[in-house]
Amino acid sequence: MVYRYSEIVKKYFKHPKNVGKIKNADAIATEGSVLCGDMMTMYLKIRNNKIVDAKFESFGCAANIATASMLTEVVKGMNVDEAEKVEWKDIVKKLGGLPPIKYHCSILAIQTLRSAIRGWKEKQKKFYNSNS
Amino acid sequence: MRVYLDNCRAARVEEEVVKAMIPYFTKSYGVPSSLHSLALEADEAIEKAKESIALPINASYENIIFTSGVTEANNLAVKGIVYANRSRGEHIVTTRIERPSVLDSCKALEKEGFEVDYLKVNKQGFIDINELERLIRNDTILVSIQHVNHVVGTIQAIKEIGKLVKEKNENIIFHVDATDAYLKVPIDVKKCNIDVLTIPSNLIHGPRGIAALFVNENVKIKPLLHGFVSLSETRPGHENVPAIVGFGRAAEIGFAVFDDAVNKVKRLSKKLMKDIEDTFKDIAFLVGPRKNRSPFNVNYCFKYVEGEALTLQLDMMGVYVSTGSACASRELKVNYVLLELGVRPEDAHGSISFCLSRYNNEEEMDYVVRCLKKAYKNLIKISMFKDKVRI
């Protein structure tokens with residue numbers, strides 16, 4: 001085989017968690033592109049700097065779906081600063097490993113999360129600046 | 001249910017073929033280069049196999065040589081021909097959608113100073129014969145064009161191409177990779193002016209580890225391997241007798257059932273195509289032609305989902321196919337054949353190749369389309385494009 005997936009990856013691919021949109025999400029980001037066959041959108045609900053809900057949509061392979069699924073599970077309940085520090089390697093480890101050729105999928109998931117948080121932080125900054 | 005539709009990569013070996021091979025492992029295990037009786041048995045078995053392999057292409061058994069597989073056969077054909085004929089010129093013409101063993105051989109030859117022109121193909125995968133005519137030069141020594149495309153099933157007009165090549169210059173050597181054509185479409189090396197033909201074993205339900213080249217008498221090929229010469233100077237080494245015997249038996253059976261097998265697979269692929277198109281309407285589209293296509297290769301792009309994920313969903317349901325998606329390749333690149341046919345990369349990521357064989361049946365085709373629908377629904381639920389799709 002070109003590569004093999006771990007049982008955890010297969011499980012998350014078969015029954016992904018946190019799929020879909022969040023209505024009135026506080027943070028949304030899309031990374032990747034259909035041209036390279038890997039694209040992900042992440043939605044976050046944030047209360048008092050804490051991620052209270054996280055969901056995703058994906059146009060991507062099994063590794064993409066499994067990493068997004070795992071990442072949304074991991075960051076739920078985390079403080080945004082804490083979530084920003086989650087590394088792709090942490091997610092890969094939690095998935096029981098990924099074939100090296102698929103590491104970019106987990107990197108994409110982390111990029112999407114960070115981009116959503118960054119956007120949310122900028123929005124917050126603007127809000128406080130305009131109200132101060 | 002388990003449905004295997006990856007027959008253009010590897011195919012099931014016919015049980016009778018396996019049976020025919022066994023005595024050559026355990027009883028007649030000699031090789032023809034010796035002088036004793038076991039060698040004679042091997043020699044006779046090889047000759048019989050060559051006859052069975054040569055018959056369907058209207059060739060003589062004396063023109064068959066064996067290699068370790070299609071990759072070696074195509075390497076030997078392309079490189080061996082140009083090395084042996086370099087004094088006449090250094091120009092090669094091929095197409096952009098050949099199997100990698102032809103394309104990569106050509107690319108390697110370019111680094112050695114040979115010039116290669118790669119013919120474009122249209123949206124159905126056909127070359128333009130006028131372009132071929134324009135590209136052939138006085139110093140062209142080889143034209144190498146596959147008979148049937150391995151990804152989309154396009155059947156090139158090999159007879160017309162062969163005629164043109166020889167009209168332009170009868171010294172040009174015409175090589176045809178028939179890996180996906182042999183015993184799937186009729187081939188006549190004489191009528192098509194074919195000088196060298198690549199013939200597969202496994203894809204006709206023979207063993208792996210063996211393939212053949214038909215090489216016309218007047219064609220010079222420089223060996224790529226050096227060593228003990230047994231039956232062929234072009235390809236040294238002791239013969240893999242059991243594999244050759246199995247290959248011969250597979251060709252014999254394949255030729256005997258040719259009409260029935262082709263008609264059956266035509267019926268099955270027609271049904272599969274109709275059912276996919278009825279189920280997926282504007283979500284899926286056929287890649288390749290509707291006419292002049294091999295029924296053994298069917299390729300569809302499914303929009304808004306990714307092919308590796310679709311392949312794995314199907315795998316979980318017992319349907320075994322391949323995808324042209326970048327995510328499923330070592331180089332993370334979309335299948336080049338699809339791109340050459342003008343498929344957009346975003347659509348090519350959702351491509352699925354259904355390669356049928358005579359062992360498939362109608363019930364399996366029904367099951368495949370049911371699974372496809374289910375697999376697609378599972379993935380589109382996750383996709384950000386789900387609002388675009390109704391299924």
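Parameters at a glance
- Residues numbered from 1 in each chain as written.
- Chains lettered and ligands numbered in written order.
- Predicted model: local features only at pLDDT ≥ 70, side-chain atom pairs only at ≥ 80, totals over all residues.
- Heavy atoms only, no water.
- Helix = DSSP H or I, 4+ residues; strand = E, 2+ residues; numbered from the N terminus.
- Rg over C-alpha atoms; globule rule 2.2 N^0.38 Å.
- Buried < 20%, exposed > 50% of the residue type's maximum accessible area, 1.4 Å probe, protein only.
- Contact = heavy atoms within 4.5 Å.
- Areas by Shrake-Rupley, 256 points an atom, 1.4 Å probe, with all protein chains shown as cover.
- Lys, Arg positive; Asp, Glu negative; His and termini not counted.
- Charge placed at Lys NZ, Arg CZ, Asp CG, Glu CD.
- 1 Å grid on protein atoms, 1.4 Å probe; cavity = no way out; pocket = protein on both sides within 12 Å on 5 of 7 lines; lining within 4 Å.
- Points joined across faces, edges and corners; volume = space filled by probe spheres on them.
- Nonpolar A, V, L, I, M, F, W, Y, C, P; charged D, E, K, R; others polar.
- Domains from an automatic or database assignment.
- Buried area = accessible area lost by both parts, 1.4 Å probe.
- Salt bridge = Lys/Arg side-chain N within 4 Å of Asp/Glu carboxyl O.
- Polar contact = N/O pair within 3.5 Å; in protein donor to acceptor, adjacent residues only side chain to side chain.
- Phe/Tyr/Trp six-rings, centres within 6.5 Å; stacked < 30°, edge-to-face > 60°.
- Pairing = 2+ DSSP bridges.
- Axes fitted to C-alpha atoms, helices over the stretch in contact; angles between N-to-C directions.
- Left-handed = near helix turned anticlockwise from the far one by under 90°.

**Student:** So what's going on with the overall build of chain A? Which residues, and what values?
**Tutor:** Looking only at helices and strands, one finds five helices and three strands in chain A. Ordering the α and β elements of chain A from the N terminus gives α-β-β-β-α-α-α-α. Here the C-alpha radius of gyration of chain A, 15 Å, is about what a compact globule of 132 residues would show, namely 14 Å. Seen through its principal axes, chain A has C-alpha atoms that stretch 60 × 30 × 25 Å. With 132 residues in all, chain A has 48% of them scored as buried. A separation of at least 24 residues holds for 62% of the contacts in chain A among residues at least 6 apart in sequence. Accessible surface, chain A as shown: approximately 6700 Å² in total, 51% of it carbon and sulfur. The positive charge centre, built from 23 side chains, and the negative charge centre, built from 13, are 3 Å apart in chain A.

**Student:** Residues and numbers for the layout of surface pockets, please.
**Tutor:** Residues and elements named next belong to chain B. Here the second largest pocket is characterised by a volume of approximately 390 Å³. What lines the second largest pocket is a set of 18 residues, and nearest its centre among them are Lys266, Ser269, Arg290, Arg293 and Pro295. Its residues assigned to classes, the lining of the second largest pocket shows seven nonpolar, two polar and nine charged. The residue makeup of the lining of the second largest pocket includes at least three contributed by each of domain 1 (3-9 + 259-383) and domain 2 (15-256).

**Student:** Outline the interface of chain A and chain B, supporting the account with residue identities and numerical values.
**Tutor:** Counting residues at the interface gives 28 residues for chain A and 24 residues for chain B. In total, chain A and chain B occlude about 2100 Å² of area from one another, counting both sides; carbon and sulfur atoms represent 68% of this. The interface formed by chain A and chain B holds two salt bridges in total. In this structure, the salt-bridge partner of Glu308(B) is Lys102(A), at a minimum N-O distance of 3.2 Å. In this structure, the connection of chain A to chain B is made through six residue pairs in polar contact (both at pLDDT 80 or more). Elements with a minimum of two residues in the side of chain A that touches chain B: α1 (7-14), β2 (38-47), β3 (50-59) and α2 (62-75) of chain A. Residue classes in the side of chain A that touches chain B are distributed as 18 nonpolar, five polar and five charged.

**Student:** I'd like to hear about the packing of aromatic side chains, residue by residue, with values.
**Tutor:** All names here are of chain B. In the structure shown here, the tally under the stated rule is nine aromatic pairs over all chains. Taking 6.3 Å as the distance between ring centres and 55° as the angle between the ring planes, the aromatic pair formed by Tyr83 and Phe114 counts as tilted. In this pair, Tyr83 is assigned in helix α4 (residues 70-84) and Phe114 in the loop between α5 (100-111) and β4 (115-119), connecting sequence segments 31 residues apart. Look at Phe280 and Tyr376: their rings are 5.4 Å apart centre to centre, the planes differ by 80°, and that puts the pair in the edge-to-face class.

**Student:** Describe the pattern of salt bridges, listing the residues and the values that go with them.
**Tutor:** Residue and element names in this part refer to chain A. Scanning the entire structure with this criterion turns up 29 salt bridges over all chains. Here Arg47 makes a salt bridge to Asp26, at a shortest N to O gap of 3.4 Å. Separated by 21 residues along the polypeptide, Arg47 in strand β2 and Asp26 in the loop between α1 and β1 (27-33) bring together distant segments of the chain. A residue is classified by how much of its surface remains accessible, and Arg47, at 43% relative accessible area, is partly exposed.

**Student:** Describe empty space enclosed by the protein, listing the residues and the values that go with them.
**Tutor:** If a probe the size of a water molecule is rolled over the atoms, the empty space left behind becomes visible. This model, assessed by the stated rule, comprises two cavities of 30 Å³ or more. In this structure, the largest cavity occupies an estimated 130 Å³ of space. Leu183(B), Lys184(B), His205(B), Phe296(B) and Arg358(B) are, among the 15 residues lining the largest cavity, the residues nearest its centre. Top element by residues in the lining of the largest cavity is helix α9 (residues 258-280) of chain B. It accounts for three residues. Considering only residue class, the lining of the largest cavity consists of nine nonpolar, four polar and two charged. For the lining of the largest cavity, the two domains that each supply at least three residues are domain 1 (3-9 + 259-383) and domain 2 (15-256) of chain B. For the second largest cavity, the calculated volume is near 40 Å³. As for the second largest cavity, its lining consists of Ser58(A), Phe59(A), Gly60(A), Ile65(A), Tyr304(B), Val305(B), Glu306(B), Leu379(B) and Ser383(B).

**Student:** Got a sec to walk through the domain arrangement of chain B? Specific residues and values, please.
**Tutor:** Residues and elements named next belong to chain B. By the assigned domains, chain B splits into domain 1 (3-9 + 259-383) and domain 2 (15-256). Each of domain 1 and domain 2 was reduced to a C-alpha centroid, and the two centroids are 28 Å apart. With 24 residues of domain 1 at the interface, the matching set in domain 2 holds 28 residues. Between domain 1 and domain 2, the buried area comes to about 2100 Å², and carbon and sulfur atoms account for 57% of it. It is Tyr336, Glu340 and Leu341 in domain 1 that bury the most area against domain 2; as a group they hold 25% of the surface buried on that side. The interface formed by domain 1 and domain 2 includes one salt bridge. At the junction of domain 1 and domain 2, the tally comes to nine residue pairs in polar contact (both at pLDDT 80 or more). Going through the elements one at a time, β10 (297-302) and α11 (336-340) are the ones with two or more residues in the side of domain 1 that touches domain 2. Per-element tally for the side of domain 1 that touches domain 2: the top contributor is α11, with four residues.

**Student:** I'd like a description of the pairing of β4(B), backed by residues and values.
**Tutor:** Examined bridge by bridge, strand β3 (residues 91-95) of chain B and β4(B) share five bridges and lie parallel to one another. When the sheet's bridge partners are listed, His91(B) is paired in β4(B) with Glu115(B).

**Student:** Tell me about the sheet that holds strand β6 (residues 173-177) of chain B, and name the residues and values.
**Tutor:** The pairing of strands in a sheet comes from backbone hydrogen bonds and takes either a parallel or an antiparallel form. Residue and element names in this part refer to chain B. Within the open sheet, the seven strands sit side by side as β2-β8-β7-β6-β5-β3-β4. Their pairing is mixed. Every interior strand has two partners, whereas the edge strands, β2 (64-67) and β4, have only one. Adjacent strand axes in the sheet meet at a mean angle of 20°, parallel and antiparallel pairs treated alike. Sheet strands touched by helix α7 (residues 158-168): β5 (140-144) and β6. Its angle to β6, the strand with the most contacts, is close to 160°.

**Student:** Account for the packing of helix α3 (residues 37-54) of chain B against helix α8 (residues 241-256) of chain B, naming residues and giving values.
**Tutor:** Residue and element names in this part refer to chain B. Closest axis-to-axis distance for the α3/α8 pair is 8 Å, and the angle between their directions is 35°. The handedness of the crossing between α3 and α8 is left-handed. Each of Ala42, Ala45, Ile46, Lys48, Ala49, Ser52 and Ile53 in α3 lies in contact with α8, whose residues at this interface are Val241, Ile244, Val245, Phe247, Gly248, Ala251 and Glu252. Looking at the contact of α3 with α8 residue by residue, the classes come out as 10 nonpolar, two polar and two charged.

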